[in-house]
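Per-entry structural report
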Amino acid sequence: MAELVTRRLRLRQWRDQDAEPFAKMNADPRVMVHYPNPYLRTESDALMMRFRAAINANSCAPWAVERLDTETFIGYIGLSYFADGLPFAPCVEVGWRLAAQHWGQGFATEGAIASLAHGFDELGLDEIVSMTATTNAASERVMQKIGLVKKEGNFMHPRVADGHRLQEHVLYSMTRDQWLAGLFKIDHKS
Ligand SMILES: CC(C)(COP(=O)(O)OP(=O)(O)OC[C@H]1O[C@@H](n2cnc3c(N)ncnc32)[C@H](O)[C@@H]1OP(=O)(O)O)[C@@H](O)C(=O)NCCC(=O)NCCS
C-alpha cells in the first residue's frame, strides 16, 4: 500500500482517529461551499470507509493527509478512479479537500504534485484529470499551479441537479507525455 511523504506532508491510509476531524471538516460550510451540502456524520464516515477500502484493495482513492510538523490530520488529497458517471469516464482524477485552518500554505499543491508523480511514475497512468465547479477559484488555481491544462468547454456535472449553481464544471488534465516531457516538473520532495 503506497504512502507518500513530501517535504511537509504524509499522505497515508485512513485511521479510525481521522473520522472525527474528517467529519468536522465535512460539516464546515466554508469547506463545503462548492459542494451541494455539508455532510452528516454518517455520510462522512461512509466516505472515509470507502476511501479506506479502496486503498486496501490497491485501487485509487484519496489519502488521509497529515502534517509532518504537528502530525495533525488536515484533510485528503489524492487520486480517484471513475469507471463511469462522467462524460469523460473512465478516468482518474486528482482531488483535494483540506480543513480551513490549513488553507493558503501550499499544502494542496504539494500533495497534489506528489499524487501526480505517483499516478504517472508508479501507476503508469496515461492521463490524470481534475474537475471543479466554475465557482471554485481556489481549486482551479491549484490545478493551474500543478501544471494541468484546461480542456475546451465546461461540462454539466451529471450528479448535480439541472440549474443548480454548482452544475457547471471546468475540466483540466495532464497527459503522461506532458508529465514526462517535463512540461511541468517540480521536485515534490524539496
Ligand atoms: C481548494 C483547497 C484544497 C486549496 O488548498 P490550499 O492548501 O489552500 O491550496 P494552495 O495553498 O496549494 O493553493 C491555493 C491557491 O489558490 C489561490 N486562492 C485561494 N482562494 C482563492 C480565491 N477565492 N480565488 C482565486 N484564487 C484563490 C491561492 O492564492 C493559491 O494560489 P497562489 O499560490 O497562486 O497564491 C482548499 O481551499 C479547500 O479545501 N477548499 C474546500 C474544498 C474544495 O473546494 N475542494 C476542491 C473541490 S473540487
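Chains are numbered independently. Their residues run from 1 in the order of the written sequence. Totals for whole chains, interfaces and linings use all residues, but because this is a predicted model, local features are given only for residues with pLDDT of at least 70 and pairs of side-chain atoms are given and counted only at 80 or more. As a rule here, side-chain values cover all heavy atoms of the structure and leave hydrogens and water aside.

Notes on the site of the ligand
Residues are labelled near a given molecule or strand when at least one of their non-hydrogen atoms is within 4 Å of it. Lining the immediate environment of the ligand, one finds 21 residues, of which Leu98, Gly104, Thr109, Asn136 and Lys145 sit closest. Here a polar contact is recorded for every N or O atom pair within 3.5 Å, except that within protein the pair must consist of a potential hydrogen donor and a potential acceptor, and residues adjacent in sequence are included only if both atoms are side-chain atoms. Asn136 places a polar side-chain atom, nitrogen or oxygen, 2.8 Å from an oxygen atom of the ligand. The separation between an oxygen atom of the ligand and a polar side-chain atom of Lys145 is 2.7 Å. Note that accessible areas follow from Shrake-Rupley with a 1.4 Å probe, and for residues the cover is restricted to the protein chains shown. Starting from 960 Å² of accessible surface for the ligand in isolation, the protein chains cover 69%. Structurally, the ligand is housed in the largest pocket. Helix numbers and strand numbers start at the N terminus; a helix is a DSSP run of H or I with at least 4 residues, a strand a run of E with at least 2. At the level of secondary structure, the elements contributing two or more residues to the shell around the ligand comprise strand 5 (91-98), helix 3 (107-122), strand 6 (127-133) and helix 4 (137-145). Space inside and on the surface of the protein is sampled on a 1 Å grid over the protein atoms alone, with a cavity defined as a set of points where a 1.4 Å probe fits but cannot get out and a pocket as an open set with protein on both sides within 12 Å along at least 5 of 7 lines; lining residues have an atom within 4 Å of a point. Pocket occupancy is defined atom-wise: a molecule lies in a cavity or pocket when more than half of its atoms are within 2 Å of its grid points.

Details of the pairing of strand 6
Taking burial as the measure, the seven residues of strand 6 include six buried ones, the bulk of the element. In terms of strand pairing, strand 6 meets strand 9 (residues 168-175) through seven bridges, oriented antiparallel. Residue pairing across strands places Thr132 opposite Val170, the latter belonging to strand 9. The rule is simple: take the accessible area with a 1.4 Å probe, protein chains only, and divide by the maximum for that residue type; under 20% is buried, over 50% is exposed, in between is partly exposed. Being paired, for any two strands, means DSSP has found at least two bridges between them.

A look at the pattern of salt bridges
Put simply, a salt bridge is a Lys or Arg side-chain nitrogen that is within 4 Å of an Asp or Glu carboxyl oxygen. This structure, assessed with the given rule, holds 11 salt bridges. Among the ionic pairs, Arg30 bridges to Asp28, the shortest N-O distance being 2.8 Å. Overall, Arg30 belongs to the exposed group, its relative accessible area being 54%. What makes Asp28 buried here is its relative accessible area of 14%. Here Asp45 and Arg41 are joined by a salt bridge, their closest N and O atoms 3.0 Å apart. In this pair, Asp45 and Arg41 both sit in helix 2 (residues 41-56), four residues apart, roughly one turn of the helix. On the accessibility criterion, Arg41 (42% relative accessible area) is partly exposed.

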